[in-house]
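Chain by chain, the residues run as shown.
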Amino acid sequence: MKPHREPPGWGALQPPPGYYSADGRPPDTMQRALILDWAVNQRIASGWRVESRSETQVVMVRGRPLNHVLHAVLTALTCFLWGAVWLVLGVTNKVERVALTVDAMGDIVTVHGPGRTAAA
């Protein structure tokens, strides 16, 4: 899987106007949930999926880990020829994680996880 670049401006991912109170108060719980839903929908549109979710935080993931058992069986059945394919997939396969949190002021805080994860 090729490394993905985030769209320009995602470093400061914030919802459009109208998600906040008109009088400048901090958002209530429902408004914070709407802001987080907006951020999640933006990520889903570019290929991410939700791994876990709470009221104020979502962990999203893109990519899938390799099925090492399948590749080991294929390598054995093809007299180790499939091992080259398995090696290339193992080097190029990426699983990306990101945690999106909406703070008390309604701002989206993004924390990137490690670029590669061990296959489960």
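Predicted, not measured: the structure shown is a model, and the values here were computed from it. (Residues numbered from 1 in each chain as written. Predicted model: local features only at pLDDT ≥ 70, side-chain atom pairs only at ≥ 80, totals over all residues. Heavy atoms only, no water.)

### Side note on the pairing of strand β2 (residues 57-62)
A regular strand places its side chains so that they alternate between the two faces of the sheet. Pairing of strand β1 (residues 49-53) with β2 involves 4 bridges; the strand directions are antiparallel. Bridge pairing in β2 links Ser-52 to Val-59. Hairpin connection between β1 and β2: a loop of 3 residues separates the two successive antiparallel strands. For β2 and strand β3 (residues 96-102), the ladder comprises 6 bridges, and the chain directions are antiparallel. Bridge pairing in β3 places Met-60 opposite Val-98. (Pairing = 2+ DSSP bridges. Helix = DSSP H or I, 4+ residues; strand = E, 2+ residues; numbered from the N terminus.)

### What about the confidence of the model for the chain?
A residue-level look at the chain finds 79% of positions with pLDDT of 70 or above and a mean pLDDT of 84. pLDDT under 50 marks residues 116-120. Its contacts with residues more than four places away, or in other chains, come to 10 contacts. (pLDDT = per-residue confidence, 0-100. Contact = heavy atoms within 4.5 Å.)

### Remarks on the sheet that holds β3
If you trace the 4 strands from one edge of the open sheet to the other, you get β1-β2-β3-β4, paired in antiparallel fashion. The outermost strands of the open sheet, each flanked by one partner alone, are β1 and β4 (108-112). Neighbour-to-neighbour, the strand axes of this sheet turn through a mean angle of 25 degrees, independent of strand direction. Across the sheet, helix α1 (residues 29-44) lies against β1, β2, β3 and β4, angled at about 160 degrees from β3, the strand it touches most. (Axes fitted to C-alpha atoms, helices over the stretch in contact; angles between N-to-C directions.)

### Re the pattern of salt bridges
Counted under the stated rule, the structure contains 3 salt bridges. For Asp-37, the salt bridge goes to Arg-53, with nearest N and O atoms at 2.6 Å. Here the residue Asp-37 occupies a position in helix α1, and Arg-53 occupies one in strand β1, the gap between them amounting to 16 residues. Among the residues examined, Asp-37 registers a relative accessible area of 30% and is labelled partly exposed. Residue classification places Arg-53 among the partly exposed positions, given a relative accessible area of 43%. (Salt bridge = Lys/Arg side-chain N within 4 Å of Asp/Glu carboxyl O. Buried < 20%, exposed > 50% of the residue type's maximum accessible area, 1.4 Å probe, protein only.)

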